[in-house]
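Each chain, letter by letter, is given below.
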Amino acid sequence: MSAAAKPILRVAGISGSIREASWHRGLIRAAAEICEDSIPGLRVDDLHIADLPMLNTDLETDGGRGFPPAVEAFRAKVRDADCFLFASPEYNYSITGPLKNALDWASRGVNCWADKPGAIVCAGGNFGGGRSSYHLRQVGVFLDIHFINKPELFVFSFYEPDKFFDGDGNLIHAETRERLKQVLLSLQAFTLRLQKKD
């Protein structure tokens, strides 16, 4: 299938950090730019998770089938996505509270994540955020998210942040940008392969 003939795949880009100048939000922005510039058929939609209330089943209505408006809107975007790109910071050897909250809300009732591909990118210290990536993979087993295995992208940015990101969290490192592109191409190919099996 030629690049021009590939269907448009919608990638839900989700940063586990809600800080405006976060490196992880910058990775999602960079992914959107890369797709627009050089990956026909792939589009990244930045899904914000800051407005989601903390998971509380008392907020559910209609016997667990209704949710607060911000949750309903988020769940709809997850359902509409063909695949997911998670930018997952590492907090205390694991994923962030906001990201776990988002994962949990979209799994309530009908699991909106189920049977879709995903990819994970991280930035951090000695392990580049890798522990959060592996914890997210564990959560994804229950959620039926099918993560690509390779390539992996861990950005070792703690000790030379200015080499990788500017003050607004934008990715400025050309080699890392190319590695991110390879992750996106792998996600695209895997998503198309899984969709052919339907």
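Bear in mind that the values here come from a model prediction, so they are computed numbers and not experimental data. (Residues numbered from 1 in each chain as written. Predicted model: local features only at pLDDT ≥ 70, side-chain atom pairs only at ≥ 80, totals over all residues. Heavy atoms only, no water.)

**Description of the packing of helix H3 (residues 97-105) against helix H4 (residues 130-143)**
- Running from amino to carboxyl end, H3 crosses H4 at an angle of 10°, the nearest separation of the two axes being 11 Å. Judged by the inter-axis angle, H3 sits roughly parallel to H4. Here Leu-99, Lys-100 and Leu-103 of H3 lie close against H4, whose contacting residues are Leu-136, Val-139 and Leu-143.
- The residue inventory of the contact of H3 with H4, partitioned by class, reads five nonpolar, no polar and one charged. (Axes fitted to C-alpha atoms, helices over the stretch in contact; angles between N-to-C directions. Helix = DSSP H or I, 4+ residues; strand = E, 2+ residues; numbered from the N terminus. Parallel < 35°, antiparallel > 145°, perpendicular 65-115°, else oblique. Contact = heavy atoms within 4.5 Å. Nonpolar A, V, L, I, M, F, W, Y, C, P; charged D, E, K, R; others polar.)

**Re unusual backbone geometry**
- That bond from Lys-150 to Pro-151 is cis: its omega, -5°, falls within 30 degrees of zero.
- Along the polypeptide, Pro-151 turns up in the loop between strand E5 (145-147) and strand E6 (153-156).
- Positive phi, normally seen in glycine, also occurs at Tyr-93, with a value near 70°.
- Judged by its relative accessible area of 53%, Tyr-93 is exposed.
- Positioned with a positive phi, Asp-144 is a non-glycine residue whose angle comes to about 65°. (Buried < 20%, exposed > 50% of the residue type's maximum accessible area, 1.4 Å probe, protein only.)

These figures capture arrangement, not role.
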